[in-house]
Amino acid sequence: MEKLWKATITAGIALGVVCFAVMMIYSLNKSVVITEEQDQKGDANLKPFVETVLKEKDDYDFVVLVNAAHGGDNKGNVVNELQEKKITLAVSKELEKLSIKEEVGIFLIRQEDTDISNENRAGVIEKIKPDLVVDLHVNADATNERTQGTSVVYNENFYRPGVTNAELADIMERCLVTEIQGKALGIFGDSQNKYPLLSMVEVPAVSVEMGYLTNKQEAGLLRKGNYQERIALGIFEGIQEIREKLR
Ligand SMILES: [Zn+2]
């Protein structure tokens, strides 16, 4: 009987030692810390994403994080069942396809229909430190259904020495409007903090308003795959030009 006790205790200690060793190895490998609070919010899937991008980052000269705004219960603007969150995701997927090895790497913060808090999106940006953040939105004007066109919004507070975010926004607006042959509404500083993510990041960033869901003609275009592809192309041209500018 005594032998059996001894064997049990020895086995118990051995198991404890193995568990401890596994935990130590795991914690040493954990280069990115996503807080427990973030895990509880269901954003645990951001951790492997950050690790993947950090690994692949060196394969590219210029790394862009694209943020498809809204997602999940946060649908963004909704007009006639057309949802902003779906259009931003569709365009971001088109953008992702345009990555060029050794040149421009495009990674998507939101890859599916999930709501991610701005704090966590900003956390991902802070950990990855991309060269540029492109935040995608679709606009709505409840007071005037004739309002249409694209605009680009920038953070007025942060800029890289020598290049303002306004200059980057201007490049983006010009490239996008040229590609889609759309109406340019211009660039705007986010003085009213309507784009909270912009003010939370300390890397060059622009928010692109791709069109108006409240305008029938533009809404008709925004729902089409080939128009979403053209928007992505225009934004990609903007990314390429911004890359030259930031050299
Ligand atoms: Zn939006």
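Scroll up to find the structure this text is about.
I will try to describe carefully the structure that is included in this document. (Residues numbered from 1 in each chain as written. Predicted model: local features only at pLDDT ≥ 70, side-chain atom pairs only at ≥ 80, totals over all residues. Heavy atoms only, no water.)

When a metal holds four donors in a tetrahedron, each ideal angle between them is 109.5 degrees; when it holds six in an octahedron, the ideal angles are 90 or 180 degrees. Taken together, H70 (NE2), E84 (OE) and H137 (ND1) make up the full set of protein donors to the zinc ion, lying 2.1 Å away. Mapping the donors of the zinc ion onto the primary sequence yields the spacing H-x13-E-x52-H. Separated by 53 residues along the polypeptide, E84 in helix α4 (residues 84–96) and H137 in strand β5 (residues 132–139) bring together distant segments of the chain. The buried category is assigned to H137, whose relative accessible area is 11%. (Donors = N, O, S within 2.8 Å, 3.2 Å for Na, K, Ca; no water. Helix = DSSP H or I, 4+ residues; strand = E, 2+ residues; numbered from the N terminus. Buried < 20%, exposed > 50% of the residue type's maximum accessible area, 1.4 Å probe, protein only.)

Turning to the pattern of salt bridges, a few remarks are in order. It is possible for side chains bearing opposite charge to pair when their charged atoms get close. Under the counting rule described, the total for this entry stands at eight salt bridges. Across the pair R174 and E241 runs a salt bridge whose closest N-O atoms are separated by 2.7 Å. With R174 in helix α6 (residues 165–180) and E241 in helix α9 (residues 225–246), this residue pair connects regions lying 67 residues apart in the sequence. Look at R174 and you get partly exposed, because its relative accessible area is 42%. Among the residues examined, E241 registers a relative accessible area of 32% and is labelled partly exposed. Three or more residues are tied together by salt bridges with common partners; here these are D61, E103, R243, E244 and R247. (Salt bridge = Lys/Arg side-chain N within 4 Å of Asp/Glu carboxyl O.)

For the rest of this paragraph, the subject is the layout of surface pockets. Empty space within the largest pocket amounts to approximately 380 Å³. Around the largest pocket sit 19 residues that line it, and N139, V153, K194, Y195 and E209 are the ones nearest its centre. Put simply, the parts of the chain that give the lining of the largest pocket at least two residues each are β5, β6 (150–154), β7 (184–189) and β8 (205–212). Across the lining of the largest pocket, the residue classes break down as seven nonpolar, eight polar and four charged. (1 Å grid on protein atoms, 1.4 Å probe; cavity = no way out; pocket = protein on both sides within 12 Å on 5 of 7 lines; lining within 4 Å. Points joined across faces, edges and corners; volume = space filled by probe spheres on them. Nonpolar A, V, L, I, M, F, W, Y, C, P; charged D, E, K, R; others polar.)

Okay, the pairing of β5 next. The element β5 is extensively covered by neighbouring structure, given that eight of its eight residues are classed as buried. Residues of β5 alternate between two faces, with L132, V134, L136 and V138 on one and V133, D135, H137 and N139 on the opposite face, all of them buried. Sheet analysis places strand β1 (residues 62–68) next to β5, joined by five bridges and oriented parallel. Following the sheet pairing, L65 is matched in β5 by V133. (Pairing = 2+ DSSP bridges.)

In this section: the sheet that holds β6. Spatially, the six strands line up as an open sheet ordered β4-β1-β5-β8-β6-β7, and their pairing is mixed. Single-partner strands in this sheet number two, and they are β4 (104–108) and β7. Taken pair by pair, the neighbouring strands of this sheet meet at an average axis angle of 20°, ignoring direction. As defined by bridge partners, β5 adjoins β8 across six bridges and the pair is classed as parallel. Pairing of D135 across the sheet is with S207, part of β8. In the packing of helix α5 (residues 118–128) onto the sheet, the strands contacted are β1 and β5, and the crossing angle to β1 comes to about 175°. (Axes fitted to C-alpha atoms, helices over the stretch in contact; angles between N-to-C directions. Contact = heavy atoms within 4.5 Å.)

Moving on, we come to the packing of aromatic side chains. Taken as a whole and judged by the stated rule, the model has one aromatic pair. On the numbers, 5.8 Å between centres and 85° between planes, the contact of Y60 with F107 is edge-to-face. Note that Y60 is positioned in the loop between α3 (46–56) and β1 and F107 in strand β4, a separation of 47 residues in sequence. Classification of F107 by relative accessible area gives buried; the value is 10%. (Phe/Tyr/Trp six-rings, centres within 6.5 Å; stacked < 30°, edge-to-face > 60°.)

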